Each structure stands twice: as C-alpha cells, then as structure tokens.
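Take a look at the letters that make up each chain.
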Amino acid sequence: MEKLSIKGGKPLYGEIYISGSKNSALPIMAASLLTEDTLVLSNVPFLVDVTTMSKLLVQHGVDFCVDGSSFENNCSGKRILFNAANVNNLQAPYEIVRKMRASVIVLGPLLARFGRAKVSLPGGCAIGTRPVDLHIKGLEAMGAKIELEEGYICAEAPNGLHGAEITFDKVSVGATENVMMAATLANGITIINNAAKEPEIIDLGNCLKAMGADIEGLGSDKIVIKGINKLKGANYRVISDRIEAGSFAAMVGATGGEIKLQNFNIDLFHNVLDKFEEIGVNIVPEKDGILVKRKEERLKAAEIITQPHPGFPTDLQAQFMAMTTIAEGVSTIQENIFENRFMHVPELIRMGANIKLNGNMALIKGVERLKGAQVMATDLRASMSLLIAALSTDEETIVNRIYHIDRGYERIEEKLQKCGAVIQRLK
C-alpha cells in the first residue's frame, strides 16, 4: 500500500494549477445518461473517483473517450466524451458503487430516460451514514415505484416520471442532484424546496441547461424544472475545485510562503474568505487565479461552524483544524454536517496537537510546533489535514493509506514539489 513521506518546515513558493471540481464532475458525468447525443466535458480532473464513475458508466453501455491529458497544456484537465446512445444495462452493481457513494446519482437519470433502474445501496461511509432516503422520497413523489431488495434500490416508472413539488426535510446535495436530473425528462413541472445551493449544484444545472433543460432558481433554495421530452448533447467545462484550492491555501497558512493558485475564480471562495482572513491568511484575486500569503509570523485562533452552503463547508473543516493546531490562542470547530468527521483528531494528536472533543465540538489550543509521526488517513479530507500538518513541522511524517488522497486530489506530490515541498510517494 502506498504512503507519502513529507519533510516539512519549508515555506511554499510558486504556482499551482487548480484541477476541475470532483464534486461537479461526478454528477455531470452521470448526466450523460440523460441523452443519446454526445456530452463533451473539459477540465475533468484525473482522480480515482472519476475513474470509478467512468467504469460505472461504461458498464451501463456508455461509450467513453478521453481526449487530452492532465499535466499537459499548462496542466489543463482532461477532455472526455460520453455517448449513452447504446445503454444496455440498467443495473449499478455493488462492486462499483461500494467504492464511491456518489455512484447513487445514476439512479435519477436512468429512471427518467429508461423507466427503470437497479442501483446498489452505497453501504457504510467513514464520515457518516449519509442515507439515500431523500433520494428515494423525491423520486417516489415523481411517480416512481421503489423497493429495496437484497441491498439494491429497484425503481420503476413504466409510464414515465411526472412533475411534483418536493420539500426536503434537510438540505442534501446528492438528493438535489438526483431529483434535478430526473426532473429534466419528467412530464410537467418539478419544484424542489430546501434545495442545496452549492456551486457544484449550479454547475450541474448549467450543464443540464446547455443540454436543453429548462431550469430556474439555481443557487437558491427553490429550484424549478420544466420537463422536456429529450435532451441533447453539449460541450461543457467543469468549474474548478474550490476544496482543492482551499486545501492549498491552508498549506500556505501552515507553512508560510506565497503561492498563486491558477485556474481559479475567487468568487468560489466568497463563503470562506473571512475565515481565512480571521486565521491570518491573505487571499487576493489575480488574473486567472488568486494569490495566497500568510499575513503574520504566526496564525491566529479562529471559530469555525460548518453549515450547508453558503455556510462554511464541511469539506474544509479538517484542513482548517490542521492550521488551528499551530495557531496562537484557542480555536473552536463545530461540525454540523457529518457525525463522524473528527476522525483525523487522534492522528493530529499523535503529531503533538492539543485537541479536546465534546460531541460535535472541537476545542483546539494551538502549540508552537507539531512533531513528525507515522499517521493514517481515515477519509479524503482528513488525509489532507495530515498533509498540511506534516508540512508545518520540520520533521519527517509518514502518511499511510493515501488512496484516500488520490480520490480527490490530482497528483498532489507533483504539485507540491513544484513549490519546494519535500514530499515523495513510497511504494
């Protein structure tokens, strides 16, 4: 199993090209199932999760062609062509779905276009339960008949789906995506109340609109979709990954230095800029990117409360915690999205962090410097918190189980090496 060796203590200087958004690319790839025409996506990141989604679509019968390669042409992302004209399998098997919970978002597109689907339940998740009940309730409101059989969601809509007014009990990005895609081909108007408002939801909606869908209210908590008979193909560029950009900005906060993050619009940071400023990281817009620099010699304590967008994103909670471990003063982090998203805490404590947990609240008393140690990544974002912590100390840290990192960060060691980090992948 691969691991990363990091010898920290060096400020980072240089430029890093921010990849396309994983959380946008996956549902947009699933949207290719909604049309028999070709969907061409650009700025697609080269990640394990993208590969998994590609394998899932191919086994459904989607033709798949990659044109362009990451880290060529100024590190631009891949250009991928999807054609679902010859879909011949409506089952998403457990062997693939278990590797990535986002696989469940093929349910809505398959059901809407073909009238039935059989999708494996995703199974457990390290950071929380993340149930699919909201997905199911939303599709049932649109006329689908759904049964759970031997670990599979078996859905049918022989007469097609119809429009409905759906109010989610709580905000769910995945359920919003599934229902929104299904509604594009439903008969009538679908209204989604308490819809997710993340930039990735807007990105999916804009891609669907490029395919001919009639959608209003993107970015608000009320999305209205007027179903049409047929969607067409399109050429669409996936937005840049705000979580990857936030992770690299946190690294600059932990190490010092100055990095330009290319291929990134500061508008995607509007809900975190004040927290970066509070902790002591200065971020300013530049042409084709942003410039990140630590303001003072030492970071300051901060108060973080994770909330659905436009609140502070849970996907940056672990990275901010890594910075607070060496900040001056006492920081608090309240995690309100996932019940098990403090699993990186014991690993940070192994590195000398002073962290106390009380339910969904973490109290972090900053120390002068962390220590190198053998640590283990427990999930995607937790792995990045350990990498940030490792870069802040002048000792060697070994991060094990880095397959989590490869799920969401494209060639992380190569990007960091270009900025002076001493990091290598060990086989």
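Preceding block: the structure.
Attention here is on the structure that accompanies the text. Because the structure is a prediction, the values reported are computed rather than measured. (Residues numbered from 1 in each chain as written. Predicted model: local features only at pLDDT ≥ 70, side-chain atom pairs only at ≥ 80, totals over all residues. Heavy atoms only, no water.)

### A short note on the overall build of the protein chain
1) Next: Scanning the protein chain for helices and strands turns up 14 helices and 24 strands.
2) Next: The C-alpha atoms of the protein chain give 21 Å as radius of gyration, which agrees with the globular expectation for 427 residues (22 Å, within 12%).
3) Next: Dimensions of the protein chain, computed from the C-alpha atoms along their principal axes, are close to 65 × 45 × 40 Å.
4) Next: Residue burial in the protein chain is summarised as follows: out of 427 residues, 58% are buried.
5) Next: The long-range share in the protein chain, meaning contacts at least 24 apart out of those at least 6 apart in sequence, stands at 75%.
6) Next: Working note: accessible area of the protein chain is about 16600 Å², and carbon and sulfur atoms make up 47% of it.
7) Next: Mean positive and mean negative side-chain charge positions of the protein chain (47 and 50 charges, respectively) differ by 3 Å. (Helix = DSSP H or I, 4+ residues; strand = E, 2+ residues; numbered from the N terminus. Rg over C-alpha atoms; globule rule 2.2 N^0.38 Å. Buried < 20%, exposed > 50% of the residue type's maximum accessible area, 1.4 Å probe, protein only. Contact = heavy atoms within 4.5 Å. Areas by Shrake-Rupley, 256 points an atom, 1.4 Å probe, with all protein chains shown as cover. Lys, Arg positive; Asp, Glu negative; His and termini not counted. Charge placed at Lys NZ, Arg CZ, Asp CG, Glu CD.)

### Digging into the packing of aromatic side chains
1) Next: Using the criterion set out here, one finds five aromatic pairs in the structure.
2) Next: For the ring pair F276 and F320, a centre distance of 4.7 Å and an interplane angle of 55° mean the geometry is tilted. Taken together, the residues span a long stretch of sequence, with F276 in helix α9 (residues 273-279) and F320 in helix α10 (residues 317-324) at a distance of 44 residues. Like F320, F276 is buried.
3) Next: Both rings, one in F312 and one in F320, keep their centres 5.0 Å apart while their planes meet at 85°; by these two values the pair is edge-to-face.
4) Next: Residue F320 is classed as buried on the basis of its relative accessible area, which comes to 0%.
5) Next: A network of ring pairs unites the aromatic residues F264, F269, F276, F312 and F320 as a single cluster. (Phe/Tyr/Trp six-rings, centres within 6.5 Å; stacked < 30°, edge-to-face > 60°.)

### Some words on helix α12 (residues 380-392)
1) Next: The element α12 is largely enclosed, with a buried count of 13 among its 13 residues.
2) Next: Put simply, D379 is the residue that caps the front of α12, since its side-chain oxygen is 3.2 Å from the backbone nitrogen of R381. (Polar contact = N/O pair within 3.5 Å; in protein donor to acceptor, adjacent residues only side chain to side chain.)

### Some words on a negative patch on the surface
1) Next: Side chains of E140, E147, E149 and E150 sit close together on the surface and give a patch of like negative charge.
2) Next: Judged by its relative accessible area of 43%, E149 falls in the partly exposed class. (Patch = residues over 30% accessible without salt bridge, like charges linked within 9 Å, V, L, I, M, F, W, Y side chains within 5 Å. Salt bridge = Lys/Arg side-chain N within 4 Å of Asp/Glu carboxyl O.)

### Concerning the sheet that holds strand β22 (residues 374-376)
1) Next: Taken in spatial order, the four strands of this open sheet run β22-β23-β1-β24, and their pairing is mixed. Two strands in the sheet have a free side with no partner beyond their single neighbour: β22 and β24 (422-426). When the angles between neighbouring strand axes are averaged without regard to direction, this sheet yields 20°.
2) Next: Bridge analysis of strand β1 (residues 3-7) against strand β23 (residues 396-400) gives five bridges, and the strand direction is antiparallel. If you follow I6 over to β23, its bridge partner there is T397.
3) Next: Here α12 sits on the sheet in contact with β1, β22, β23 and β24, set at roughly 30° to β1. (Pairing = 2+ DSSP bridges. Axes fitted to C-alpha atoms, helices over the stretch in contact; angles between N-to-C directions.)

### Quick notes on the sheet that holds strand β3 (residues 38-44)
1) Next: The four strands are arranged β4-β5-β3-β14 in an open sheet whose pairing can be described as mixed. Single-partner strands in this sheet number two, and they are β4 (63-67) and β14 (234-237). Neighbour-to-neighbour, the strand axes of the sheet open up by a mean angle of 15°, direction not taken into account.
2) Next: Sheet topology note: the β3/strand β5 (residues 78-83) ladder contains five bridges and is antiparallel. Note that in β5 the partner of L41 across the bridge is I80.
3) Next: Where helix α1 (residues 22-30) meets the sheet, it contacts β3, β5 and β14, and its direction lies at approximately 170° from that of β3.

### Looking at the environment of D37
1) Next: Considering the arrangement of structural elements, one finds D37 in the loop between α1 and β3.
2) Next: Apart from residues no more than four positions distant in its own chain, D37 is found in contact with F82, N83, A84, L231, K232 and G233.
3) Next: At 3.4 Å, the side chain of D37 and the backbone nitrogen of G233 are in polar contact.

### Overview of the pattern of salt bridges
1) Next: Taken as a whole and assessed by the stated rule, the structure comprises 17 salt bridges.
2) Next: The partner of K415 in a salt bridge is E244, and the shortest N-O contact between them spans 2.7 Å. Of this pair, K415 sits in helix α14 (residues 412-417) while E244 sits in helix α8 (residues 242-255), placing them 171 residues apart in sequence. Judged on exposure class, the residue K415 and its partner E244 are both buried.
3) Next: Between R425 and E413 there is a salt bridge, with the nearest N and O atoms lying 2.8 Å from each other. Placement of R425 in strand β24 and of E413 in helix α14 is noted, with a sequence separation of 12 residues between them.
4) Next: A single salt-bridge network, built from bridges that share partners, covers E2, D406, E413, R425 and K427.

Don't take any of this as a statement about function, it's just geometry.
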